[in-house]
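Inside the fold
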Amino acid sequence: MMEKEVVLNQTHSRHPLLWLIIIFQFSLLFFSAFPAEITARKILKDKSKKSPKVRLEKTDEKVIINNGLVEVTIEKPTGHLLGIKYKGIDNVLETENDNDNRGYWDIVWDHEMYDKLATRHVIIITESDELVELSFTRVWNKTKDHGISAPVSVDKRYIVRRGVPGVYMYGIFKRQKCFPHTYIHQLRIVFKLKEDKFHFMALSDTQQRIMPRREDREHSHCQVLAYPEAVLLTNPINPKLKGEVDDKYQYSIESKDNKLHGWIADHDAVGFWIITPSDEFRTGGPHKQDLTSHVGPTALSMFVSNHYTGKDIAEFYKEGVAWKKAFGPVLIYLNSATFDHAHRYRKSLWKDAKKRLSKEIKSWPYSFAASKDYPHADHRGEVSGQLLVRDKYLHKQLMKAKSAFVGLAAPGRAGSWQTEGKGYQFWTQTDKAGRFSIKNVRRGKYNLYAWVHGFIGNYKLDRNVSVHPGYKKNLGTLIYDPPRSGPTLWEIGIPDRTAAEFFIPDPNPTFVNSILNHEDEKFRQYGLWDRYSDTYPHHDLVFKVGASNYSRDWFFAHVPRRTGNDTKATTWKIKFKLQEVNKSGKYTLQMALAAANFAEVQVRINKPDGSPHFTTNRIGYDNAVARHGIHGLYRLYSINVPRKGLRGGNNTIFLTQTRCKDEFMAVMYDYIRLEGPAV
């Protein structure tokens, strides 16, 4: 042994290269025993080195959070977001705007009163190398604030994390019992982006385009159409947009899909995105539509609004009742790509933003938000079960409620989740077998609600569901009995809570928005309500059961007819035959509405004039027709049809939408069915 060691030492002294080779080979043998672990540790260590620590800087007028990727500046003590520095852009927000008009929360309450929620105090919640969380607060004071600011206390939170190119924002809103009663009509976060940089907007895979400029909506560049939000571009800065319509409501999206939207600064190849990984804090359920991004360039994170619902969802907060709710967090995410003249970077930025959304969804609920009003995963519960449908007139056996929407929301009547917003809602869709699992539910008392595609009405479990931390409850098999009094004699449409299956006309070529050229978004084109008068200039719609096709012959919205400068009420006819009338049986007309706006539908059986057999009375404030929605609030009417009103042979049902002060007083039908006597 000694002899070999001497030789080795001699070899080392005479041939250093050979010794290095021996050491390298030995290292390979050693590290091959633990390749994955050693490599992972090295990557984590290297990543930690590459990702700078989060740093907080404070002055008398502002606070600055910097993680090496973004620099976020917030005004003290108002909590207004002054700027975000990213890559080569000193501020992605519009620096020409005032401090309270760049990135801010706002609220509309009572009689259109407006408040930008400027706060009075700032508190450092967390300050570490990994994360900084700041709290900007304002406690409502009756003496100082009554009639000036919304009667609600505010806690606006900002979080900047190590390695994340963006800022998380959320807010906790609180009312004490002594606060005066109020209505809250709107609550949101608004971002006004750099006007000379951000011109390309992206809402989905198909809705992406160069947008008009703010100046294009000024009178010298456009023609205002039926309402101020809609303009025809007559002299836009970008001549390619001449002759197009711009209207912020054309960019609305349902809450269940409104998870990612934003803007791209072309010459910098930088993206600005609002990522919303959960909609548990939004109002009105998964189908509630709301604004996203629009000309400005403006990006919105909407939490509360009465868009597509009207005052039915304007939440009334009573004096004497305490309330608290956390909205968010949402992530303001920035990314960048390599500029190329073929604009391939746009696709790269959008793809990366979708990947980030997927990552944020998987991380929900976040473990890093410090507020006790935002519970982490271990303080939440889970509810599961299976939903079946029983309708003997369709199938003798129970049917699996596949792709049904099932959710937990505040206790109320069946379907009340559509207009509820004080609490939280948790929704999912069933699988092919009707099974569902609703995860990450906050502590609280809920009702379980559902609706099933292809069936009318609303399901509600007949008992409360109380969720607490760690709660995992399987509700077992639940059975939904949709409204039904007898067999189907005929039907029009599909029970899906929208009018999408009906005839949606091509837009007037004079009023087109090219971002909506996808067939699924056709209903969002401007002026479709006027196409009814073009289609039926002299008489109203007549639908013949057995001969007509609802996708061609049933207009998507029951609107007034335009005659010159006036509008007049319209009566639609449904013609059908009965071989005979059962004198002892019951006939029912199921009429489901997808939307209604200051409308009244009167139903007459075989008599076009005189007192109606049934009327809805005046209903609805959703303005879905004017706001380019294919639905608003869902309503169902089960109408008893008098036997003496029917006859063997030819029959006609007259549907009159009586209100016609303007072209937007209208209803959209979801589905109509005549049922015969029970068998």
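Remember, it's a predicted structure, so these values are computed and weren't measured experimentally.

**Quick notes on the environment of T206**
- Topologically, T206 is positioned in the loop between β12 (198-202) and β13 (208-210).
- As a C-alpha pair, T206 and D520 span 314 residues in sequence and 9.8 Å in three-dimensional space.
- Filtering out sequence-adjacent residues up to four positions away, T206 remains in contact with I515 and H518.

**A closer look at the UniProt feature "domain: Rhamnogalacturonan lyase" (unreviewed entry) in the protein chain**
- Taking the UniProt record as the reference, the feature "domain: Rhamnogalacturonan lyase" (unreviewed entry) is found at residues 402-474 and 488-674.
- Counting secondary structure, residues 402-474 comes out at 0% helix and 44% strand; the distance between its end C-alpha atoms is 18 Å.
- A helix fraction of 5% and a strand fraction of 39% characterise residues 488-674, whose end C-alpha atoms lie 6 Å from each other.

**Focus: the sheet that holds strand β16 (residues 245-246)**
- Ordered in space as β14-β15-β16, the three strands form an open sheet in which the pairing is antiparallel. Edge positions in the sheet fall to β14 (222-224) and β16, since each of these pairs with one other strand and no more.
- Sheet topology places β14 next to strand β15 (residues 231-233); three bridges connect them, and they run antiparallel. Across the sheet, V224 pairs through a bridge with V231, a residue of β15.

**Section: the pattern of salt bridges**
- The final tally for this structure, using the stated rule, is 36 salt bridges.
- In this structure, the salt-bridge partner of D129 is K53, at a minimum N-O distance of 3.8 Å. Within this pair, whereas D129 is found in the loop between β7 (121-127) and β8 (131-138), its partner K53 is found in the loop between α3 (35-50) and β1 (55-58), the two being separated by 76 residues in sequence.
- Judged by its relative accessible area of 30%, D129 is partly exposed.
- Connected through shared salt-bridge partners, D530, R531, D534 and R562 make up one network.

Conventions used here
Residues numbered from 1 in each chain as written. Predicted model: local features only at pLDDT ≥ 70, side-chain atom pairs only at ≥ 80, totals over all residues. Heavy atoms only, no water. Helix = DSSP H or I, 4+ residues; strand = E, 2+ residues; numbered from the N terminus. Contact = heavy atoms within 4.5 Å. UniProt positions renumbered as here; feature names shortened; annotations may be inferred. Pairing = 2+ DSSP bridges. Salt bridge = Lys/Arg side-chain N within 4 Å of Asp/Glu carboxyl O. Buried < 20%, exposed > 50% of the residue type's maximum accessible area, 1.4 Å probe, protein only.

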